[in-house]
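The lines below spell out each chain.
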Amino acid sequence: MINMISKILVALDGSTHSKKALDYAIFLTKACKASLGIIHVIHLPTISSADPQTVDKVTHLLESAGNKILTKAEEEAEASGLKVDRIREVGYPVNHIVKASNKGRYDLIVMGSRGMSGIKEFLLGSISHGVSQHAKCPVLIVH
Ligand SMILES: Nc1ncnc2c1ncn2[C@@H]1O[C@H](COP(=O)(O)OP(=O)(O)OP(=O)(O)O)[C@@H](O)[C@H]1O
Ligand SMILES: [Mg+2]
């Protein structure tokens, strides 16, 4: 029997879907008197012809965009009286979200059904699909 959800992890990519996921996660964290983790993974594109300087520049831009996403989420959670654990990784989001949820012993992952690319033909984006396949804990997908 499940009698407690004590840690909730929300995956953020800056999309309107992930904003909705954050609102659900904040609501559930309060309702369960749990603690909230927020994760953003910097997903570097593979640019085969790019020189190191361009790669550095893109990395830097994605890093500061990621920090903004996390800070905004943190502010929203704090405005509802929550303290959050902030997680930032670089790599393939599915792997890092799953790893962080295992390592931090999260009881629930909350994420959007789609994200930044939001191709409407697919019911789920590749990251929410991958996480729901590989996570050990339940995954709440917010449409
Ligand atoms: N880089 C990321 N870091 C953290 N969470 C992410 C990241 N990318 C996506 N997510 C989470 O996954 C959800 C679904 O996004 P996903 O990337 O799967 O869809 P998409 O962008 O529409 O499609 P795709 O990326 O497969 O082309 C987002 O709402 C967010 O919760
Ligand atoms: Mg995406």
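The following paragraphs examine the structure supplied in this document. Just so it is clear, the model here is predicted, and its values are computed rather than measured. (Residues numbered from 1 in each chain as written. Chains lettered and ligands numbered in written order. Predicted model: local features only at pLDDT ≥ 70, side-chain atom pairs only at ≥ 80, totals over all residues. Heavy atoms only, no water.)

## Thoughts on the overall build of the protein
Phase 1: Across its full length, the protein holds 4 helices and 5 strands.
Phase 2: Sequence-ordered secondary structure for the protein, helices as α and strands as β, is β-α-β-α-β-α-β-α-β.
Phase 3: In summary, the protein has a C-alpha radius of gyration of 15 Å against a globular reference of 15 Å for 143 residues, a match within 12%.
Phase 4: In terms of overall dimensions, the protein has a C-alpha envelope of 55 × 30 × 30 Å along the principal axes.
Phase 5: Of the contacts made within the protein by residues no fewer than 6 positions apart, 74% connect residues no fewer than 24 positions apart.
Phase 6: Of the charged side chains in the protein, 17 are positive and 13 negative; the average position of the first set lies 5 Å away from that of the second. (Helix = DSSP H or I, 4+ residues; strand = E, 2+ residues; numbered from the N terminus. Rg over C-alpha atoms; globule rule 2.2 N^0.38 Å. Contact = heavy atoms within 4.5 Å. Lys, Arg positive; Asp, Glu negative; His and termini not counted. Charge placed at Lys NZ, Arg CZ, Asp CG, Glu CD.)

## A look at the packing of aromatic side chains
Phase 1: Considering all chains together, one arrives at 0 aromatic pairs under this definition.
Phase 2: Here the basic side chain of Lys7 rests over the ring of Tyr106, its NZ or CZ set 4.5 Å away from the ring centre. (Phe/Tyr/Trp six-rings, centres within 6.5 Å; stacked < 30°, edge-to-face > 60°. Lys NZ or Arg CZ within 6 Å of the ring centre and 35° of its normal.)

## Topic: the pattern of salt bridges
Phase 1: Summed over the entire model, instances satisfying the criterion amount to 3 salt bridges.
Phase 2: Taking the shortest distance from any N to any O, the salt bridge between Glu74 and Arg86 comes out at 2.9 Å. Taken together, the residues Glu74 in helix α2 (residues 52–79) and Arg86 in strand β3 (residues 84–90) connect sequence positions 12 residues apart.
Phase 3: What makes Arg86 partly exposed here is its relative accessible area of 35%.
Phase 4: A single salt-bridge network, built from bridges that share partners, covers Lys19, Asp23 and Glu76. (Salt bridge = Lys/Arg side-chain N within 4 Å of Asp/Glu carboxyl O. Buried < 20%, exposed > 50% of the residue type's maximum accessible area, 1.4 Å probe, protein only.)

## Description of the nonpolar core
Phase 1: Core analysis: the largest hydrophobic core is formed by 19 residues, its most contacted members being Ile8, Val10, Leu12, Leu36, Ile38 and Val110.
Phase 2: Breaking this core down by element, the ones donating at least two residues are β1 (7–11), α1 (16–31), β2 (35–42), α2 and β4 (108–112). (Core = buried A, V, L, I, M, F, W, Y, C linked by side-chain atoms within 4.5 Å.)

## So, the layout of surface pockets
Phase 1: Roughly 670 Å³ of internal volume is contained in the largest pocket.
Phase 2: For the largest pocket, the lining is made up of 31 residues, of which Asp13, Pro93, Gly115, Met116 and Ile127 are closest to its centre.
Phase 3: Elements with a minimum of two residues in the lining of the largest pocket: β2, α2, α3 (93–103), β4 and α4 (126–134).
Phase 4: Looking at the lining of the largest pocket, its residues break down into 16 nonpolar, 13 polar and 2 charged. (1 Å grid on protein atoms, 1.4 Å probe; cavity = no way out; pocket = protein on both sides within 12 Å on 5 of 7 lines; lining within 4 Å. Points joined across faces, edges and corners; volume = space filled by probe spheres on them. Nonpolar A, V, L, I, M, F, W, Y, C, P; charged D, E, K, R; others polar.)

## Examining the sheet that holds β2
Sheet strands pair by backbone hydrogen bonding; their relative direction is either parallel or antiparallel.
Phase 1: If you trace the 5 strands from one edge of the open sheet to the other, you get β3-β2-β1-β4-β5, paired in parallel fashion. Each edge of the sheet is formed by a strand with only one pairing partner; in this case those strands are β3 and β5 (139–142). Here the average twist between neighbouring strands, direction ignored, is 20 degrees. (Pairing = 2+ DSSP bridges. Axes fitted to C-alpha atoms, helices over the stretch in contact; angles between N-to-C directions.)

Everything listed here is a matter of coordinates, which is why it stays silent on function.
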